[in-house]
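One letter stands for each residue in the lines below.
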Amino acid sequence: MIITKNIKMADVIHLNYHTLSVLNRFNIYLGFGDKTIEEVCNDKNVDINFFLEIVNTFVDKEYFPKKQLQTFSVSLITDYLKKTHQFYHEVKVPEIESLINEMIETCYTQKENIVLLKKFFNEYKQELLNHTQREEEVVYPYTLSIEKAYNQEKIDSSVVDLMKNYSINIFKTEHDDIEEKLYDLKNILIKYLPQPKNVQLCNKLIHELFILEQDLNDHSVIEDKVLVPKIRAMEKHITKKLSK
Amino acid sequence: MQNTSFVIYSPSYIIRKGLAAIIEKIYSNNTIQQIENTSEFFELIQKNETDFILLDINCPQIQKSITKLKTVSETNRIVAFYFQHKPKFDIHFIESIDINYPQNKVFKKLNKIFGKINAPDDGQNIPDEISKREADILRYIALGYSNKEIADKLFLSTHTVVTHRKNITRKLGIKTVSGLTIYAILNKLIDINDTPQI
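Predicted model only: the values in this text are computed from it and were never measured.

Peer 1: Hey, could you go over the overall build of chain B for me, with residue numbers and the actual values?
Peer 2: Assigned secondary structure in chain B consists of nine helices and five strands. When each of the 198 residues of chain B is scored for burial, the buried share is 41%. Considering only intrachain contacts with a sequence separation of at least 6, the fraction spanning at least 24 residues in chain B is 57%. Accessible area for chain B stands at about 11,300 Å²; split by element, carbon and sulfur atoms hold 49% of it.

Peer 1: Describe the overall build of chain A, naming the residues involved and giving the relevant values.
Peer 2: The helix and strand tally for chain A stands at ten helices and zero strands. Projecting the C-alpha coordinates of chain A onto the three principal axes gives extents of approximately 70 × 50 × 25 Å. The buried share of chain A, taken over its 244 residues, is 46%. In chain A, 76% of the contacts between residues at least 6 apart in sequence involve partners at least 24 apart.

Peer 1: Can you explain the packing of aromatic side chains? Please cite residues and give values.
Peer 2: The tally for this structure, following the rule as stated, stands at 13 aromatic pairs over all chains. Ring geometry for phenylalanine 6 of chain B against phenylalanine 52 of chain B: centres 5.9 Å apart, planes inclined by 20 degrees, an arrangement best described as stacked. One end of the pair, phenylalanine 6 of chain B, is in strand β1 (residues 4-9); the other, phenylalanine 52 of chain B, is in strand β3 (residues 52-56), with 46 residues separating them in the sequence. Accessibility classification places phenylalanine 6 of chain B together with phenylalanine 52 of chain B in one group, the buried group. Of the aromatic side chains, those joined through ring pairs into one cluster are Phe26, Phe50, Phe51, Phe72 and Tyr80 of chain A. Taking NZ or CZ as reference, arginine 25 of chain A lies 4.6 Å from the ring centre of phenylalanine 87 of chain A, over its face. When the ring centre of phenylalanine 72 of chain A is taken as origin, the NZ or CZ atom of lysine 230 of chain A, which lies over that ring, is 5.1 Å away.

Peer 1: Please provide a residue-by-residue account of the environment of lysine 175 of chain B, values included.
Peer 2: Turning to its location among the elements, lysine 175 of chain B is positioned in the loop between α8 (158-172) and α9 (177-186). Along the sequence, lysine 175 of chain B and proline 11 of chain B sit 164 residues apart, while their C-alpha atoms lie 39 Å from each other. Not counting the four nearest positions on each side in its chain, lysine 175 of chain B is found in contact with Glu180, Tyr183 and Asp184 of chain A together with Thr169 of chain B.

Peer 1: Residue-level account of the domain arrangement of chain A, with values.
Peer 2: Residues and elements named next belong to chain A. Here chain A is partitioned into domain 1 (9-68) and domain 2 (73-243). On a C-alpha basis, the centres of domain 1 and domain 2 stand 21 Å from each other. Residue-level contacts link 16 residues of domain 1 with 14 residues of domain 2. Between domain 1 and domain 2 we count one salt bridge in total. Two residues, arginine 25 and aspartate 215, come together in a salt bridge whose shortest N-O distance is 3.1 Å. For the pair domain 1 and domain 2, the number of links is four residue pairs in polar contact (both at pLDDT 80 or more).

Peer 1: How would you summarise the interface of chain A and chain B if you had to cite specific residues and measurements?
Peer 2: For interface size, the figure often reported is the accessible area lost on association. In this assembly, 17 residues from chain A lie in contact with 17 residues from chain B. Summed over both sides, the interface between chain A and chain B buries roughly 1,500 Å², with carbon and sulfur atoms accounting for 64% of that surface. Put simply, chain A and chain B have zero salt bridges between them. On the surface where chain A and chain B come into contact, there are six residue pairs in polar contact (both at pLDDT 80 or more). Of all elements in the fold, only α6 (111-151) and α9 (180-192) of chain A reach the threshold of two or more residues within the side of chain A that touches chain B. Per-element tally for the side of chain A that touches chain B: the top contributor is α9 of chain A, with eight residues. For the side of chain A that touches chain B, the per-class residue count stands at eight nonpolar, two polar and seven charged.

Peer 1: Could you give an account of the pairing of strand β4 (residues 78-82) of chain B, with specific residues and numbers?
Peer 2: All names here are of chain B. Among the five residues that make up β4, five are buried, leaving the element largely enclosed by the rest of the structure. Burial of β4 is two-sided: the residues Ile78, Ala80 and Tyr82 facing one way and the residues Val79 and Phe81 facing the other way are all buried. Judged from the four bridges that link them, β3 and β4 form a sheet pairing that is parallel. Each bridged residue has a counterpart across the sheet, and for isoleucine 53 the counterpart in β4 is isoleucine 78. Where β4 and strand β5 (residues 95-98) come together, four bridges link them in parallel fashion.

Peer 1: Got a sec to walk through helix α6 (residues 132-142) of chain B? Specific residues and values, please.
Peer 2: Residues and elements named next belong to chain B. What α6 keeps buried is the set Glu134, Ala135, Asp136, Ile137, Leu138, Ile141 and Ala142. Elements in contact with the buried residues of α6: α7 (147-154), α8 and α9. Phi turns positive, to about 95 degrees, at glycine 144, one or two residues after α6.

The rules behind each value
Residues numbered from 1 in each chain as written. Chains lettered and ligands numbered in written order. Predicted model: local features only at pLDDT ≥ 70, side-chain atom pairs only at ≥ 80, totals over all residues. Heavy atoms only, no water. Helix = DSSP H or I, 4+ residues; strand = E, 2+ residues; numbered from the N terminus. Buried < 20%, exposed > 50% of the residue type's maximum accessible area, 1.4 Å probe, protein only. Contact = heavy atoms within 4.5 Å. Areas by Shrake-Rupley, 256 points an atom, 1.4 Å probe, with all protein chains shown as cover. Phe/Tyr/Trp six-rings, centres within 6.5 Å; stacked < 30°, edge-to-face > 60°. Lys NZ or Arg CZ within 6 Å of the ring centre and 35° of its normal. Domains from an automatic or database assignment. Salt bridge = Lys/Arg side-chain N within 4 Å of Asp/Glu carboxyl O. Polar contact = N/O pair within 3.5 Å; in protein donor to acceptor, adjacent residues only side chain to side chain. Buried area = accessible area lost by both parts, 1.4 Å probe. Nonpolar A, V, L, I, M, F, W, Y, C, P; charged D, E, K, R; others polar. Pairing = 2+ DSSP bridges.

Given below as structure tokens:
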């Protein structure tokens, strides 16, 4: 189902409760009564087209953003992506860490093994941090400069240098597989770790890992389907303008 | 289980969606690409990376491109779908299916085709448990040795070590060195105090 602006915000959550964390990134919080998406977005000063793009991409795996809807600015996209990074570092990762710690404290038979898992997860955490830092320090600033140049009458020569050294296609190829370790951790828990005493805790941990993995996937879908095509089109336009 | 890739070509949205839903039903480990554009279709199948092609042979664009279709080396992977009248082609399809067939007939035909890829080729059924040789290699990986070092120690070529590594990863479902190390410790292949990185 494609979500449109006249649908009630409450129904978006009924349709797919994973959208809850997406709404929070737009500073939209529960308690919106029977208001439509349009009304809530207006109240909160949120760009409706952008909101619809994000939510639809999130809900429907096959949804592909329409070109005419891509009117919003690059900074809107990168701000959103930065907020998802923040969500990983400030919410999801600490949640998972505290579950692992709780497992260590309450399990007597598997303590050593779970300490191993903890170290493994720490490595992953560092990888994730490096990954998001690279995006925030290199990739997003690049996209913003491209947007700025795109909107200028006369293109600044510094952009030419910038584009010589980097392009959004490089980002696409270097966009490394951040989910590998997560995948391993899930498999170790599901297949190989002798079952710890506290089954519920272990279930909760696996559940959280799946959610984090899903959210990371959705995050890269936004980059691949929204940000990359937009910047690629702008790069093309700039190159064309420069060659004239 | 290995991932199987399908390409579905039809200009009809209903047919594409329907075929994709059926494939999902009988085959869980797959990637399905749904294509409605002829040039995109030919571009894709010329890459020769698809396991199966589900082709709507009633559509005029395909009937116009028969000669082109024949030059593609993948014709032996095509399952043809038609509606009521089967158009005449001198191409050998693995199977032709009328979309009017009842459910059990469709499933029977598809299972016959896809069952083939599921079954092991000429007895080369690889068990999910790792072999003794693979366990040896896994031990060295966990101890932090490189492919080259492992090859030297076990008198193997680096290429052989890489192949073993791929099989270990596929069998265990663990991709990273740290993950493999934990597996090795959990299964007492190595002692926790021997590992450099953990």
